[in-house]
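# Examining the three-dimensional arrangement
Listed below, chain by chain, are the residues.
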Protein chains: 2
Amino acid sequence: RAVREHGLFFPPDPASVEISTVGGNIATNAGGLRCIAHGVTRDAVAALEVVLADGTVLDTGARTRKNVAGLDLTSLFVGSEGTLGIITSATVRLKPVPPGTPRTFRASFDDIQSAGEAVTAIVNGEAQPEVLELMDAHSVQTVEEFYPSGLAVPKAAVLIGQTVGHAAEQIAHQITQLCEQHGAVEVTVAQDDTLLEARRLANPALTARGLRVSCDVGVPVGELANMFRGIEALAEQHGRAITFVAHAGDGNLHPTVEAEDTPEEHEAAERVLDDIGRLAVSLGGTLTGEHGIGAVKHHELPIQLSQAVLDTQRSVKQALDPHNILTPGRAI
Amino acid sequence: RAVREHGLFFPPDPASVEISTVGGNIATNAGGLRCIAHGVTRDAVAALEVVLADGTVLDTGARTRKNVAGLDLTSLFVGSEGTLGIITSATVRLKPVPPGTPRTFRASFDDIQSAGEAVTAIVNGEAQPEVLELMDAHSVQTVEEFYPSGLAVPKAAVLIGQTVGHAAEQIAHQITQLCEQHGAVEVTVAQDDTLLEARRLANPALTARGLRVSCDVGVPVGELANMFRGIEALAEQHGRAITFVAHAGDGNLHPTVEAEDTPEEHEAAERVLDDIGRLAVSLGGTLTGEHGIGAVKHHELPIQLSQAVLDTQRSVKQALDPHNILTPGRAI
C-alpha cells in the first residue's frame, strides 16, 4: 500500500490485503483477487536474500525481467513455506496503477451451474476482467448479516468482477452481457470498489459466524461447473452444508464445511475437505491454490503428489537442510 | 503456430520462432519479443513430465493457474538446461490472440542515449506496447544488405514496437509521441508485421555476414541508457566494433563483437563479451536473459553468482543427479 502514492501497486492483491505481509505472501506464493490479470506472487518476485539452514546468506535472481543464469532458486524459495531457508529480503516487481476509473459489476444467478458456465465464457472471451470472484448465496448472506450493505442475496450465487483502464466501461458492458446470456437474473455496475468489499469481508464474516473448516482447492476454469456440481453431491452425501467463495477467474475455490465446535465435528469436517481435495485433483486441479500445505493439510499431500514427486521434493529439502531444522512436518 | 488456427498463441514468441521448439524454449526458459506483455516461458508452463537421472518419471504441477502444493518443481526444471532431468511432456498456458489489427511502429534516433531514455519513458508510461525492440544502426544496415526492404538506416538506432487490441492505434500514437518527445527524428506506423520482420531477420543476417561472437545480457530497463554508454566505452577501449539488437522493453540486449574468423580473434572477442557481462551485472543485471549459460558461458558464472549460490545450485543438482550424468559442465 505504501507504493500506491507513487502510482504503483503490488499485483497479487490477496483478499487478506488488510492484514497480510509481503513476506508471508512470498513464503506461501500467495494468490489473490488480481491473479487472472497479473499472475501469482512468484511472477512478481525478481530476487531474494535467503538465509540457509547452515547460516549461509544467498542472493538469488537479478533486477531484470529475464534471467536464466543457472537454476532458478528464486522460484524455488517462493512458496517453500520456510522449509528451504528463511527469506530476509525481497525485490518485487510493481506495476503502474491502471489509468481511468475502474468499474465493478455484480451478476446474480439462480443456479450455480450457470454461474460456472458464465465464468468459463468470460475467461475464454475477448474482454478480460481484472478481477472475477464468485460468492455462493450462503456466503453473501453471512456477509450481509455482519456488514449490511443492502445488496440482495442471490438464489444461488453472485459473480463480482472489476474492469480497469480507459476501456473499463466498455469491457464491463461486454462481460455483463455474457453473464446475461448465461442466465444472470440481475446485473449491477458501479464506478467504485464497493461491490468488491463484500468479497473481502467474506473471510472475517465467516470467521465471526463461528467455526471455519475451510480449504483452497483449485481446478482448471473449464471444470468449475463440474466442481460446483461435485461439491453439491459431497454436501448431500455427508449431510453437511458446504459454502464457498472463489477466485472464479482462475478456478481457485475456498469451500467451508459447517461443523459444531467440537473435536469430533472438526474431524468429520476435515474428512469432507479431504474429499473436496480428491475431487479437485481428479479434475486436474490442486489441493491448494494459494495458501500452501502447511501442517494442517500435510496428510493430504499424497492425494495430489506421487511418491516420486514427494521423494524428489524431500531430496531437494535434504540437500539444503540436511538436519531438517527448518519448519519440519510442514509443506513437503 | 499450430494453435493459431484456434485463435490462441504461445505467449513468449522468441525471435527464433521459425526454428525453435517449445521443448527448447522450456529447457532454457526462453524469452522473446512479447515478454514485456506476457512474461517469460516459465510463466507459461503449468506442468511437466520429467525423467530423472535414475529413470524415475515425475509429473509436476497441475492444470490450474495457482498451485502451491509442495515445492515448485515445475519452475525448477524450466530453464535447468537438462541438468536435473529430461522433460518429456509439457502443459503450457496459451492465450487468446488479441482482437483488432495490430499496429507496428518504427522510430529512428540520432543518438543511442536518447533511444535508451525513450524506452524507459515508454515502459514507465501509461500506454503499454506488446513488443518493444531496439536495433542499432549497424544491425539495421546488415539486415538491409541481406534482405533489402527500403527502410532507411538510422544514424544511431531504431525502436521497433507493436501494439495490439481494440485500442492499438491509440496506444501506438501515444508511444510514438513519447518517442518524438525523446528525440526520435523519424516515425513510421504500419498496420501489419512488416516492421517486425527486420528484427526477426537480424540474427540470420548477422550470421550470414560471417562471424558472430554474441551474448544476451540483461539490465533493468532504467539502466539501458547507462548500458549503451558502457558498451560504447568498451568498444573504444578494446578497439573493436560492438553491434547490438535488444528486447529493449525488458532490458535484454544481444551484443555482437566483431572479429576475424581465427581462434585468436575469437578468444579476444570472448574477452570483450566477458567485460560486457561484468558491466551488465554491475548494473543489477544478468549474464543471460533468455538463452542460458550452456557450455560457452560456463566460465562466466562467478561474475554473477556468489560461491554460496553456486554451491546451493550444485547441491540441488547433486540431490537429483548424484552421478552427474545429465549435461555435465553446463548451466550450473
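### Section: the overall build of chain A
Secondary structure summary: chain A contains 12 helices and 12 strands in total. Its C-alpha atoms give chain A a radius of gyration of 20 Å, near enough to 20 Å, the size a compact globule of 332 residues would have. For the C-alpha atoms alone, the extent of chain A along its principal axes is close to 60 × 50 × 35 Å. For chain A, with 332 residues in total, the buried portion stands at 54%. Taking the intrachain contacts of chain A between residues at least 6 apart in sequence as the baseline, contacts between residues at least 24 apart amount to 73%. Total accessible area computed for chain A in this model is approximately 13,200 Å², and 51% of it derives from carbon and sulfur atoms.

### Topic: the side chain of B:Thr288
Relative to the assigned elements, B:Thr288 resides in the loop between α10 (263-282) and α11 (301-304). Within the structure, B:Thr288 has its side chain in polar contact with the side chain of B:Asp216 (distance 2.8 Å). When near neighbours in sequence (up to four residues on either side) are disregarded, B:Thr288 contacts A:Asn67, A:Val68, A:Ala69, B:Asp216, B:Ile293 and B:Lys297.

### Some words on the relation of the copies chain B and chain A
Rotating chain B by 180° and translating it 0.0 Å along the rotation axis places it on chain A, where the RMSD comes to 0.0 Å. Those values place the two copies in the arrangement expected of a two-fold rotation axis.

### Examining the interface of chain B and chain A
Across the boundary between the two partners, chain B contributes 66 residues, which contact 66 residues of chain A. Summed over both sides, the interface between chain B and chain A buries roughly 5,000 Å², with carbon and sulfur atoms accounting for 63% of that surface. For the chain B face of the interface with chain A, the top three residues by lost area are B:Lys66, B:Val68 and B:Leu71, together amounting to 18%. Along the contact surface separating chain B from chain A lie 8 salt bridges. Residue A:Lys66 pairs with B:Asp250 through a salt bridge whose shortest N-O separation is 3.2 Å. Applying the counting criterion to the chain B and chain A interface returns 26 residue pairs in polar contact (both at pLDDT 80 or more).

### Some words on the sheet that holds strand β2 (residues 45-51) of chain B
All names here are of chain B. What the 3 strands build is an open sheet, ordered β3-β2-β4; its pairing is antiparallel. If you trace the sheet from one side to the other, it starts and ends with β3 (57-61) and β4 (86-92), each paired once. Pairwise comparison of adjacent strand axes, ignoring direction, gives a mean angle of 15° for this sheet. Summarising the sheet, β2 and β4 pair through 6 bridges and their orientation is antiparallel. Within β4, the position partnered with Glu49 by the bridge is Ser89.

### Points about the domain arrangement of chain A
All names here are of chain A. As far as domains go, chain A holds domain 1 (4-96), domain 2 (103-201) and domain 3 (210-292). Of the residues lining the interface, 16 residues belong to domain 2; the matching set on domain 3 comes to 17 residues. Here domain 2 meets domain 3 over a buried area of about 1,300 Å², counting both sides, of which 59% is carbon and sulfur. Area buried by domain 2 at its contact with domain 3 is led by Ile112, Gln113 and Leu134, which between them contribute 33% of it. The tally of links from domain 2 across to domain 3 stands at 0 salt bridges. For the pair domain 2 and domain 3, the number of links is 9 residue pairs in polar contact (both at pLDDT 80 or more). Listing elements by their share of the side of domain 2 that touches domain 3, those giving two or more residues are α4 (112-123), β7 (131-136) and α5 (137-146). For the side of domain 2 that touches domain 3, the per-class residue count stands at 7 nonpolar, 5 polar and 4 charged.

### Description of the packing of helix α9 (residues 224-238) of chain B against α10(B)
Residue and element names in this part refer to chain B. Where α9 meets α10, the axes come as close as 10 Å, and the angle between the chain directions of the two elements is 150°. Viewed along their axes, α9 and α10 adopt a mutual orientation that is roughly antiparallel. The crossing of α9 and α10 is right-handed. Contacts between α9 and α10 involve Met227, Gly230, Ile231, Leu234, Gln237 and His238 from the former and Val272, Asp275, Ile276, Leu279 and Ala280 from the latter.

### What about the side chain of B:Ser75?
In this structure, B:Ser75 sits in helix α3 (residues 73-77). Here B:Ser75 falls in the buried class, since its relative accessible area comes to 7%. Look past the residues within four positions of B:Ser75 in its chain and what remains in contact with it is A:Arg42, A:Asp72, A:Ser75 and B:Arg42.

### Some remarks on the sheet that holds strand β4 (residues 86-92) of chain A
Residue and element names in this part refer to chain A. One open sheet accounts for 3 strands, arranged β3-β2-β4; its pairing is antiparallel. The sheet is open, and its two borders are formed by β3 (57-61) and β4, each paired with just one other strand. Averaged over all pairs of adjacent strands, the angle between strand axes in this sheet comes to 15°, irrespective of strand direction.

### Here we look at the pattern of salt bridges
Residue and element names in this part refer to chain A. For the structure shown, the criterion picks out 28 salt bridges over all chains. For Arg209, the salt bridge goes to Glu258, with nearest N and O atoms at 3.4 Å. Of this pair, Arg209 sits in the loop between α8 (202-208) and β10 (213-214) while Glu258 sits in the loop between β12 (252-257) and α10 (263-282), and the two are 49 residues apart along the sequence. On the basis of relative accessibility, which here comes to 30%, the residue Glu258 falls in the partly exposed class.

Cut-offs used in this document
Residues numbered from 1 in each chain as written. Chains lettered and ligands numbered in written order. Predicted model: local features only at pLDDT ≥ 70, side-chain atom pairs only at ≥ 80, totals over all residues. Heavy atoms only, no water. Helix = DSSP H or I, 4+ residues; strand = E, 2+ residues; numbered from the N terminus. Rg over C-alpha atoms; globule rule 2.2 N^0.38 Å. Buried < 20%, exposed > 50% of the residue type's maximum accessible area, 1.4 Å probe, protein only. Contact = heavy atoms within 4.5 Å. Areas by Shrake-Rupley, 256 points an atom, 1.4 Å probe, with all protein chains shown as cover. Polar contact = N/O pair within 3.5 Å; in protein donor to acceptor, adjacent residues only side chain to side chain. Least-squares fit on C-alpha atoms with pLDDT ≥ 70 in both. Buried area = accessible area lost by both parts, 1.4 Å probe. Salt bridge = Lys/Arg side-chain N within 4 Å of Asp/Glu carboxyl O. Pairing = 2+ DSSP bridges. Axes fitted to C-alpha atoms, helices over the stretch in contact; angles between N-to-C directions. Domains from an automatic or database assignment. Nonpolar A, V, L, I, M, F, W, Y, C, P; charged D, E, K, R; others polar. Parallel < 35°, antiparallel > 145°, perpendicular 65-115°, else oblique. Left-handed = near helix turned anticlockwise from the far one by under 90°.

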